Amino acid sequence: MLNFKPKQLNWAMFFLLGLGYFSVISHLEINYFFKNLIAIAPIQMAAIIYVTYQRWKCQPPVG
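Residues numbered from 1 in each chain as written. Predicted model: local features only at pLDDT ≥ 70, side-chain atom pairs only at ≥ 80, totals over all residues. Heavy atoms only, no water.

Colleague: Help me get a handle on the overall build of the chain, residues and values and all.
Modeller: Across its full length, the chain holds 2 helices and 0 strands. Among the 63 residues that make up the chain, the fraction classed as buried is 5%. In the form shown here, the chain has an accessible surface area of approximately 6,300 Å², with 73% of it arising from carbon and sulfur atoms. (Helix = DSSP H or I, 4+ residues; strand = E, 2+ residues; numbered from the N terminus. Buried < 20%, exposed > 50% of the residue type's maximum accessible area, 1.4 Å probe, protein only. Areas by Shrake-Rupley, 256 points an atom, 1.4 Å probe, with all protein chains shown as cover.)

Right under this line is the structure:
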């Protein structure tokens, strides 16, 4: 029997979520420019959240 670690399950969940998201985006009947803008938005938000988290995590304690 296969044993999955929580990290592997997270990667599988993110993969399926991303696959579904890009599948839905690819079938939208909108302008090509806006379709690309919408498709890349989650990647940009993830990058912003990651950088912000790293900065907050590395700040020295105040006081």
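Colleague: Give a detailed account of the layout of surface pockets, specifying residues and quantitative values.
Modeller: Estimates place the volume of the largest pocket at around 290 Å³. Secondary-structure elements contributing two or more residues to the lining of the largest pocket are α1 (6-26) and α2 (32-58). With 6 residues, α1 is the single largest residue contributor to the lining of the largest pocket. (1 Å grid on protein atoms, 1.4 Å probe; cavity = no way out; pocket = protein on both sides within 12 Å on 5 of 7 lines; lining within 4 Å. Points joined across faces, edges and corners; volume = space filled by probe spheres on them.)

Colleague: Can you lay out the environment of Ser23 for me, pointing to particular residues and giving the numbers?
Modeller: Within the fold, Ser23 resides in helix α1. Between the C-alpha atoms of Ser23 and Ala39, which are 16 residues apart in sequence, the distance is 10.0 Å.

Colleague: An account of a nonpolar patch on the surface is needed here, citing residue identities and associated values.
Modeller: Where nonpolar side chains cluster on the molecular surface, the patch consists of Leu28, Ile30, Phe33, Phe34, Leu37 and Ile38 and spans about 540 Å² of accessible area. Topologically, Ile38 is positioned in helix α2. (Patch = residues over 30% accessible without salt bridge, like charges linked within 9 Å, V, L, I, M, F, W, Y side chains within 5 Å. Salt bridge = Lys/Arg side-chain N within 4 Å of Asp/Glu carboxyl O.)

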